[in-house]
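Examination of the molecular architecture
What follows is the residue order along each chain.
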Amino acid sequence: MLLVPCPWCGPRPEVEFRYGGEAHIVRPADPEAVTDEEWGEFLYARTNPKGAHAERWYHLHGCGRFFNALRDTVSDRFTASYEIGAPRPDGAEKS
Amino acid sequence: MGEVGAGGRRGVHSVRPLQRFSGFGLLRHAFRGHRDWRAQWRAPEPRAAYDAVIVGGGGHGLGAAYYLAKEHGMRNIAVLERGWLGGGNTGRNTAIIRSNYLCEESEAIYEHALTLWEGLSRDLNYNVMFSQRGVLMLAHSVHEVGISKRHVFANRLAGIDSEWLTPAEAKAFCPPLRIDGGLRYPVLGAALQRRAGIARHDAVAWGYARAADALGVDIIQNCEVTAIRRDTRGAVTAVETTRGTIRAARIGVSAAGHTSVVMAMAGLRIPIESYPLQALVSEPVKPVFPCVVMSNTIHAYISQSDKGELVIGAGTDAYVSYSQRGALWVTTEALAAITELFPIFRRLRMLRAWGGIVDVTRDRSPILGKTPVKGLYVNCGWGTGGFKATPGAAHLLAWTIAKDEPHPINAPFSLERFRDGRMIDEAAAAGVAH
């Protein structure tokens, strides 16, 4: 069981949360203007890295808020949590 | 005493004849004290170049090399495995085999695999212990009865054996099943595929490795691919590995949960995410469970191996991970579900639990075909159900690599379907049943 670091509630057990998938995926501002490739990429392509992963979490059974976190996908260890809209704390562009 | 694989070898391979297995041979070895069994495949040093290289030494990758050699005459090929053969998802699943999927494309690909399973032990001269003991898929609500019957009818239209059983018929087929009214989720019926079953997962990897080796395929373990080299036009030319550079104009990637990592070496982001999927086995007991039972509603599936262990599958964890272990609460929930359906197992102790890293697509269907990079082919996205597809995926990957175009069966499972929106939605059929 992971201990998920909620920025507002502190570390709480994983069962209180819902996982929201990869963070920082931005919906194209004008969907009509993008190609099929770009739209398919937005919908389905994921970095799925072996290492640092920026991801969204939702503290469903807690404060009820979304936030982003950085977690190593090999060790499952969290290194940071931060507010939605803030840049990645490690400065990497993609997760 | 052996038989050589068919001729047509090229290059400098020194191929030994296959030491064929038979009941008589076993007896002869017994009289000699079992002292002259040979290693079943070589451990060659990688050569500088091959016609084709398969990345990933699980059942899918080894099988692809075997079919490339056997059916397409390509003998100068290598399988590169990061760890040991079958040490990834081939050795980390619950060994269930079935073909009763919903969509026509899926029915074709999984039935292709099931048909190959039925002749596999004979084809490989290796007992993969394929046992067609039947897979029973329970329905616990009126709605699930409806959707299950739809699956049954769709399967029958596709020529796949599938039938609907009443609760009493299901209990007759699987006596440990509870069908009384005391269950939180009562059994209202079940879909049964009699040709479905289980196989010995290690034997599948070993059988393919042995047969491929006999045809001249180099199987190279402890050889992790670290980069993919491409020429000025973008076509692949070589892989960099922990055991040196290996040139190849065709590279087939069959790396399951690590596919994203390998494809990133060629600059590709693909539509899969990797999750831990857990399973566990009990202490061995006498034969008590005659078939495979799975339930989508309570999220559990169970069978008994030939060793006597109950093999129990849990669900995937919720988050992306490469850790090969999952949360305890996931397996605890699976055991709660199993012991409610089968109270006789309540006092069994669990011996081992493990996790595999499964590569999941959004429509729960695989990706098997060409990629935008010339000479690079991919077989991935089998998610929670790749073992059952082993011979079929291997056969179709070999075809795709040899012909540089997909076989009609795997053509719909292209990467382009995510651009074109031509999804093959098997979330219901594959949601639990691994």
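Anything mentioned here points back to the structure above.
These notes cover the structure that comes with them.

Conventions used here
Every chain is numbered independently, its residues counted from 1 as its sequence is written. Note on labels: chains are lettered from A, ligands numbered from 1, in written order. Local features in this predicted model are restricted to residues of pLDDT 70 or higher, and side-chain atom pairs are both shown and tallied only at a pLDDT of 80 or more, whereas totals for entire chains, interfaces and linings draw on every residue. Excluding hydrogens and water, the side-chain figures rest on all heavy atoms present in the structure. Here, any two strands with at least 2 DSSP bridges between them count as paired. Counting from the N terminus, the helices are DSSP H or I runs at least four residues long and the strands are E runs at least two residues long. Every axis in this analysis is a line fitted to C-alpha atoms, fitted for helices over the stretch in contact. Angles between the N-to-C directions lie between 0 and 180 degrees. Relative orientations are named as follows: roughly parallel for angles under 35 degrees, roughly antiparallel for angles over 145 degrees, roughly perpendicular for angles from 65 to 115 degrees, and oblique for any other angle. In this scheme, a crossing is called left-handed if the near helix is turned counterclockwise away from the far one by less than a right angle; it is called right-handed if the turn is clockwise. The contact rule is simple, with two residues in contact once any of their heavy atoms fall within 4.5 Å. Nonpolar residues are Ala, Val, Leu, Ile, Met, Phe, Trp, Tyr, Cys and Pro. Charged residues are Asp, Glu, Lys and Arg, and all others, Gly as well, are polar. Think of it in three bands: with a 1.4 Å probe and only protein chains considered, a residue is buried below 20% of the maximum accessible area for its type, exposed above 50%, and partly exposed in between. Here's the idea: put two parts together, see how much 1.4 Å probe accessible area each one loses, and the total over both is what we call buried area. Here, a salt bridge means any Lys or Arg side-chain nitrogen found within 4 Å of an Asp or Glu carboxyl oxygen. For the purposes of these results, a polar contact is taken to be a pair of N or O atoms within 3.5 Å, where, inside protein, one atom must be able to donate a hydrogen and its partner to accept one; residues adjacent in sequence count only when each atom of the pair is a side-chain atom. Each residue after the first adds 1.5 Å to the expected span of a helix. Viewed with both strands pointing away, a crossover whose connecting path from the first strand over the helix to the second turns clockwise is right-handed. In summary, the pairing rule links any two rings of Phe, Tyr or Trp, Trp by its six-membered ring, whose centres are within 6.5 Å, and it sorts them by plane angle into stacked for under 30 degrees, edge-to-face for over 60 and tilted for everything else. Charge-over-ring placement is defined geometrically: NZ (Lys) or CZ (Arg) within 6 Å of the ring centre, and within 35 degrees of the ring normal.

What holds strands together in a sheet is hydrogen bonding between their backbones, with the strands either parallel or antiparallel. Residues and elements named next belong to chain A. Read across the open sheet, the four strands follow the order β3-β4-β5-β6; overall the sheet is antiparallel. Of all strands in the sheet, those bounded by a partner on one side alone are β3 (18–22) and β6 (78–82). On average, adjacent strands in this sheet sit at an angle of 30 degrees to one another, irrespective of strand direction. Pairing geometry for strand β4 (residues 52–58) and strand β5 (residues 66–72), over seven bridges, is antiparallel. What sits directly across from A54, in β5, is L70.

Packed helix pairs are characterised by how far apart their axes lie and by the angle those axes make with each other. Residue and element names in this part refer to chain B. Closest axis-to-axis distance for the helix α2 (residues 59–72)/helix α10 (residues 390–403) pair is 7 Å, and the angle between their directions is 55 degrees. For the element pair α2 / α10, the angle class is oblique. Crossing of α2 against α10: the hand is right-handed. Facing G59, H60, G63, A64, Y67, L68, E71 and H72 of α2, the residues of α10 in contact are T390, P391, A393, A394, H395, L397, A398, W399, I401, A402 and K403. Taken together, the residues of the contact of α2 with α10 sort by class into eleven nonpolar, six polar and two charged.

This paragraph deals with unusual backbone geometry. Glycine aside, residues mostly have negative phi, and peptide bonds are mostly found in the trans state. Residues and elements named next belong to chain B. Even without a glycine there, the phi angle at N222 is positive, about 50 degrees. By the secondary structure assignment, N222 is in the loop between β8 (218–220) and β9 (225–230). In this structure, D404 is a non-glycine residue whose phi angle is positive, near 60 degrees. Tracing the chain through its elements places D404 in the loop between α10 and α11 (417–420). D404 sits in the partly exposed class, given a relative accessible area of 28%.

As a further point, take the pairing of strand β4 (residues 135–139) of chain B. Residues and elements named next belong to chain B. Extensive coverage of β4 is indicated by the burial of five of its five residues. Burial along β4 is two-sided: V135, M137 and A139 and L136 and L138, pointing in opposite directions, are all buried. By the bridge criterion, five bridges tie β4 to strand β6 (residues 189–193) in an arrangement that is antiparallel. When the bridges of β6 are listed, L136 appears paired with L192.

Before going further, it helps to spend a moment on the interface of chain A and chain B. Taken together, the contact between chain A and chain B spans 25 residues of the former and 26 residues of the latter. At the boundary of chain A with chain B, total buried surface from both sides reaches about 2,200 Å², with 50% on carbon and sulfur atoms. In terms of surface lost to chain B, no three residues of chain A exceed A:Y44, A:N48 and A:K50, which account for 31% of the buried area on that side. A:E41 is the partner of B:R269 in a salt bridge, and the nearest nitrogen-oxygen pair spans 2.8 Å. Across the contact surface, chain A and chain B share 14 residue pairs in polar contact (both at pLDDT 80 or more). Of all elements in the fold, only β3, α1 (36–44) and β4 of chain A reach the threshold of two or more residues within the side of chain A that touches chain B. For the side of chain A that touches chain B, the element with the most residues is α1(A), which contributes five residues. Here the residues of the side of chain A that touches chain B are counted per class, giving nine nonpolar, six polar and ten charged.

Moving on, we get to the sheet that holds strand β11 (residues 244–247) of chain B. Residue and element names in this part refer to chain B. Taken in spatial order, the three strands line up as β9-β10-β11 in an open sheet, and their pairing is antiparallel. Edge positions in the sheet fall to β9 and β11, since each has one partner strand and no second. Going from strand to strand, the sheet's axes swing by 25 degrees on average, the running direction of each strand aside.

This part takes up helix α7 (residues 201–214) of chain B. All names here are of chain B. In this model, α7 (14 residues) spans 21 Å end to end at C-alpha, consistent with the 20 Å of a helix rising 1.5 Å per residue. Burial runs high along α7: 13 of the 14 residues are buried. Note on α7: the residue one or two positions beyond its end, G216, has a positive phi of about 100 degrees.

Residues and elements named next belong to chain B. Taking every second residue as pointing to the same face, both faces of strand β2 (residues 77–80) are buried, with I77 and V79 on one and A78 and L80 on the other. In terms of strand pairing, strand β1 (residues 52–55) meets β2 through four bridges, oriented parallel. Bridge pairing in β2 places I54 opposite V79. The β-α-β motif built from β1, the intervening α2 and the parallel element β2 has right-handed crossover chirality. Pairing of β2 with β8, which is carried by three bridges, proceeds in the parallel orientation. By the bridge assignment for β8, A78 is matched with D218.

Moving on, we come to the environment of B:P176. Residues and elements named next belong to chain B. Relative to the assigned elements, P176 resides in the loop between α6 (167–173) and β6. Classification of P176 by relative accessible area gives buried; the value is 15%. Distance in space between the C-alpha atoms of P176 and P343 is 8.7 Å, their sequence separation being 167 residues. Those residues in contact with P176 that sit more than four places away from it in its chain are K171, V288, F289, P290, L341, F342 and I344.

This part is about the packing of aromatic side chains. Taken as a whole and assessed by the stated rule, the structure comprises 21 aromatic pairs over all chains. Plain terms: the ring middles of B:Y101 and B:Y110 are 3.8 Å apart, the flat faces sit at 10 degrees to each other, and that makes the pair stacked. What makes B:Y110 buried here is its relative accessible area of 4%. Within the aromatic cluster, the residues linked to one another by ring pairs are A:F17, A:Y19, A:W57, A:F67, A:F78 and B:Y319. Over the ring of A:W8 we find A:R65, and its NZ or CZ is 4.1 Å from the ring centre. One cation-aromatic arrangement involves B:R184 over B:Y185; the distance from NZ or CZ to the ring centre is 4.3 Å.

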